[in-house]
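# Descriptive structure summary
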Amino acid sequence: MYWMEFMTVALVHLLAVASPGPDFAVVVRESVTQGRRVGSWTALGVGCGIFVHVAYSLLGIGLIVSQSIVLFNLFKWLAAGYLLYLGWRALRARPMSLDTADEDGTTSDRSRWQAFVVGFVTNGLNPKATLFFLSLFTVVINPDTPLLVQAGYGVYLAGATALWFLLVAWLFSRGRVRAGFARMGHWFDRLTGAVLIGLGVRLAVSEIG
């Protein structure tokens, strides 16, 4: 009965998740610099961050935030500040060394929890995702759809997001890919740092709508 709605949700989500953004930049950087294990846990954190957006969408809080300029701006500036912080750290990073993390990332000094938190916070504090999920749960998904079915959509969205970024982590943590990035030295860190700072600045000056 809800297959057509589900297929629409899946298609819209695919288009959104495939678009480069803070999540993609963070997962790529963690995978290249820290290895597959850290990149994978970062990807899982991004996927679990989806549950934050699903939860407030189901509760109707997303609508309140989107209609309140003060709340939206507070949320937006928190997210922008976090991206600027990540970008600044990337700009100050030491030269990349693949000796500290092999292709599987088994010798990385970053814990699984730290990697997970980076992904979770990056996705959970993204106000663009707030507006996306608000639109998804009010325009694409029929308000009359049972709450349990909508929650099922949310589980799918989190799982599909995690799987996508696990694939990204796997691709960018492969030995040849990492070696290629390593040859660029500081330039890779500087590039990703500039991207994150650019995203943070763009987010800080963006408006509702």
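Further up the page is the structure itself.
So, here's what we can say about the structure. Remember, it's a predicted structure, so these values are computed and weren't measured experimentally. (Residues numbered from 1 in each chain as written. Predicted model: local features only at pLDDT ≥ 70, side-chain atom pairs only at ≥ 80, totals over all residues. Heavy atoms only, no water.)

## With respect to the packing of aromatic side chains
The description of two aromatic rings rests on the distance between their centres and on the angle between their planes. Tallied over the entire structure, the rule returns six aromatic pairs. Where F116 meets F120, the ring centres are 6.1 Å apart and the plane angle is 20°; that geometry is what we call stacked. Within this pair, F116 and its partner F120 are both found in helix α6 (residues 112–124), separated by four residues, close to a single helical turn. For F116, a relative accessible area of 16% corresponds to the buried category. Here a set of aromatic residues connected by ring pairs shows up, and it is made of W3, F6, Y153 and Y156. (Phe/Tyr/Trp six-rings, centres within 6.5 Å; stacked < 30°, edge-to-face > 60°. Helix = DSSP H or I, 4+ residues; strand = E, 2+ residues; numbered from the N terminus. Buried < 20%, exposed > 50% of the residue type's maximum accessible area, 1.4 Å probe, protein only.)

## Some details on the nonpolar core
One finds F6, V9, I50, V54, A129, F133, L136, F137, I141, Y153, L157 and A158 forming the largest nonpolar core, which totals 12 residues. Listing elements by their share of this core, those giving two or more residues are α1 (3–17), α3 (36–59), α7 (127–140) and α8 (147–172). Examining the composition of this core, we find that four residues originate from one element, α7, more than from any other. When neighbours within four sequence positions are excluded, I50 is seen to be in contact with N123, F133, G154, L157, A158 and T161. Judged by nonpolar contacts, the second largest core, of nine residues, contains V17, A43, F165 and A169. (Core = buried A, V, L, I, M, F, W, Y, C linked by side-chain atoms within 4.5 Å. Contact = heavy atoms within 4.5 Å.)

## Regarding the side chain of D23
Along the chain, D23 turns up in helix α2 (residues 22–34). Looking at D23, its side chain comes within polar contact range of the side chain of N123, at 2.9 Å. Setting aside residues up to four positions removed in sequence, D23 forms contacts with V46, T122, N123 and F165. (Polar contact = N/O pair within 3.5 Å; in protein donor to acceptor, adjacent residues only side chain to side chain.)

## Examining the packing of α2 against α6
The N-to-C vectors of α2 and α6 enclose an angle of 165°; their axes lie 9 Å apart at closest approach. Our classification of the angle between α2 and α6 gives roughly antiparallel. Relative to α6, the crossing made by α2 is right-handed. Of α6, the residues touching α2 (which contributes P22, D23 and V26) are V118, T122 and N123. Here the contact of α2 with α6 is built from residues that sort into three nonpolar, two polar and one charged. (Axes fitted to C-alpha atoms, helices over the stretch in contact; angles between N-to-C directions. Parallel < 35°, antiparallel > 145°, perpendicular 65-115°, else oblique. Left-handed = near helix turned anticlockwise from the far one by under 90°. Nonpolar A, V, L, I, M, F, W, Y, C, P; charged D, E, K, R; others polar.)

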